[in-house]
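Observations on chain architecture
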Amino acid sequence: MTATTSDIWHNLVGQHRAVEVLRPAIAGQGMTHAWLFTGPPGSGRSNVAIAFAGALQCERGGCGECHECHTAMLGTHADIAVIRTQKLSIGVDEVRDLVRRSALRPAGRRWQIIIVEDADRLTEQACNALLKAIEEPTPRTVWMLCAPTVEDVLPTIRSRCRQLTLATPTTEAVAAFLVGTEGVSEALASYAARASQGHIGRARALARDEATRNRRREIVSLPARLSSLGACMHAANNLAAVAKEEADAITSELDAREKADLDTTYGVVERGRRPREYGPALAALDKAQKTRAKRRVLDVVDRSLMDLVSVYRDAVAVASRATGTLVNEEIRGDIDEIVRESSPELNLRRIGWIFEAREQMLEFNVPPALALESMMVALKVPEGSSR
Ligand SMILES: [Zn+2]
């Protein structure tokens, strides 16, 4: 079977090696009932899982044209469940529901497939519930778990899965994808691909949206400005504000739509007409939206930190006279300045401090404002440097 421009794999960016493993599995070679797809956020691990699921349901191994393929890609296939969470963890009740579903016969003739997008967010209890289902699988059931790295999933679970590590898509692959799907210029596509560092969703947002590009420019220009304590505080506030703004841009539309749906469901259209059940439902929605907003802010802060890391990495590359394009080619002037006033060793330490701040926020729930302030102070340009 050769790749065509319309088969179910054709929209995966830079994942040829994964496809080479999955195609034979569809034909029965190395097929198993539990898979673990790992790769950095944005590398497209859930897209790979969805394409694989569709190909397993398709009579022709993923033609991209039949009803099975189409419904798989649209997310409406009756025998493919995709579990996405907006919460910080996936609890045991949710997993029990999935396990019940996994035991059902497929409605079609092929497989019952369950894709868990953020398997790293399973609580320990949830993992134990899942473990039983994976240990004693129903013959037609396939589990596909997705996580950033193998270490993010408990050994008991991962040892029972076939593991497939996805590549971070190359800049060239992402740029070509953007030109093909977004119709943007080569220059813009190349910028977005570089700046996204292989994160496809991010690359697409950068290619599409000027406000996103401006927010990124704001972040990467911070390191060159950290000359005083005041500037560091200002930079921390700035980063927090930019993150909040970007997170709001993502969630506000979704929040409004969910609220409108809720109102429709409860018939809250005319003034004053509010059924008794509406109050608690609204409160529950409000709580879920707040949780999601918090997670989004953390996601955006996290990505902004990776943007900062890219600036210092560029500085290390320039100092060590590495050839090739910088991630932040467009602020080469800033990078040169950082190189002049600091050693590569210092810049590597700075990268370490950024990762420390990240860990404080994500692992230890330190409020972002606090973690960012101490991080910026640590990143400050050393006293006695030329500026
Ligand atoms: Zn098909």
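Higher on the page you've got the structure.
Described in the following lines is the structure provided in the data block. (Residues numbered from 1 in each chain as written. Predicted model: local features only at pLDDT ≥ 70, side-chain atom pairs only at ≥ 80, totals over all residues. Heavy atoms only, no water.)

**Focus on the packing of aromatic side chains**
Applying the stated rule across the entire model yields four aromatic pairs. When the centroid spacing of 5.0 Å and the interplanar angle of 75 degrees are considered together, the rings of Trp35 and Phe52 count as edge-to-face. Here Trp35, found in strand β1 (residues 34-38), pairs with Phe52, found in helix α2 (residues 45-57); they are 17 residues apart in sequence, far enough to count as distant. Residue classification places Trp35 among the buried residues on the basis of a relative accessible area of 0%. Judged by relative accessible area, which is 0%, Phe52 ranks as buried. Of the aromatic side chains, those joined through ring pairs into one cluster are Trp35, Phe37 and Phe52. Taking NZ or CZ as reference, Arg140 lies 4.5 Å from the ring centre of Trp111, over its face. (Phe/Tyr/Trp six-rings, centres within 6.5 Å; stacked < 30°, edge-to-face > 60°. Helix = DSSP H or I, 4+ residues; strand = E, 2+ residues; numbered from the N terminus. Buried < 20%, exposed > 50% of the residue type's maximum accessible area, 1.4 Å probe, protein only. Lys NZ or Arg CZ within 6 Å of the ring centre and 35° of its normal.)

**A few points about the packing of helix α11 (residues 229-265) against helix α12 (residues 278-319)**
Relative to each other, α11 and α12 sit at 150 degrees, their axes nearing to 8 Å. Comparing the axis directions of α11 and α12 gives the class roughly antiparallel. Crossing hand, α11 versus α12: right-handed. By residue class, the composition of the contact of α11 with α12 is 15 nonpolar, three polar and nine charged. (Axes fitted to C-alpha atoms, helices over the stretch in contact; angles between N-to-C directions. Parallel < 35°, antiparallel > 145°, perpendicular 65-115°, else oblique. Left-handed = near helix turned anticlockwise from the far one by under 90°. Nonpolar A, V, L, I, M, F, W, Y, C, P; charged D, E, K, R; others polar.)

**Digging into the pattern of salt bridges**
Scanning the model with the defined rule gives 24 salt bridges in all. Asp286 is paired through a salt bridge with Lys290; the nearest N and O atoms lie 3.0 Å apart. Residue Asp286 and its partner Lys290 are located together in helix α12, separated by four residues, close to a single helical turn. According to the relative accessible area criterion, Asp286 is partly exposed, its value standing at 38%. One continuous salt-bridge network, built from bridges that share partners, spans Arg202, Arg215, Arg216, Glu245, Glu246, Arg303 and Asp307. (Salt bridge = Lys/Arg side-chain N within 4 Å of Asp/Glu carboxyl O.)

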